[in-house]
Amino acid sequence: RMRDGAISWRLYRDLSEPTRYVERFVVDSWIEYQRQRIRATLADQLTEEHMQRFHLGTDPPRMLHFIMEPAPAE
């Protein structure tokens, strides 16, 4: 993710469900995120396919998107 322009990247393990991991990365903008998805290399695609093999359960992994909101002025 960092190679593709992410500002930060982390991998978290859910303490209440130890087999669940959550990847978090931050990019400058929604447009930059969309560009990352479009310009994925073959190696990136193979890595994602490899990671999918670690998924347990019948439902596909969930992908959530968050956009930063400025804090309200007090």
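Conventions and cut-offs
Residues numbered from 1 in each chain as written. Predicted model: local features only at pLDDT ≥ 70, side-chain atom pairs only at ≥ 80, totals over all residues. Heavy atoms only, no water. Salt bridge = Lys/Arg side-chain N within 4 Å of Asp/Glu carboxyl O. Buried < 20%, exposed > 50% of the residue type's maximum accessible area, 1.4 Å probe, protein only. Helix = DSSP H or I, 4+ residues; strand = E, 2+ residues; numbered from the N terminus. Contact = heavy atoms within 4.5 Å.

A.B. asks: Where do I start with the pattern of salt bridges in this structure?
C.D. replies: A pair can form between side chains of opposite charge whenever their charged atoms are brought close. Overall, the coordinates contain four salt bridges when judged by the stated rule. Residue Arg20 is joined to Asp14 by a salt bridge in which the shortest nitrogen-to-oxygen separation is 3.0 Å. Between Arg39 and Glu32 there is a salt bridge whose closest N-O contact spans 2.6 Å. Classification of Arg39 as partly exposed rests on a relative accessible area of 40%. Counted as one network, the salt bridges with shared partners bring together Glu32, Arg35 and Arg39.

A.B. asks: Could you clarify how one ought to interpret the side chain of Glu32 in this entry?
C.D. replies: Inspection of the secondary structure puts Glu32 in helix α1 (residues 30–38). When neighbours within four sequence positions are excluded, Glu32 is seen to be in contact with Asp4, Val27 and Arg39.

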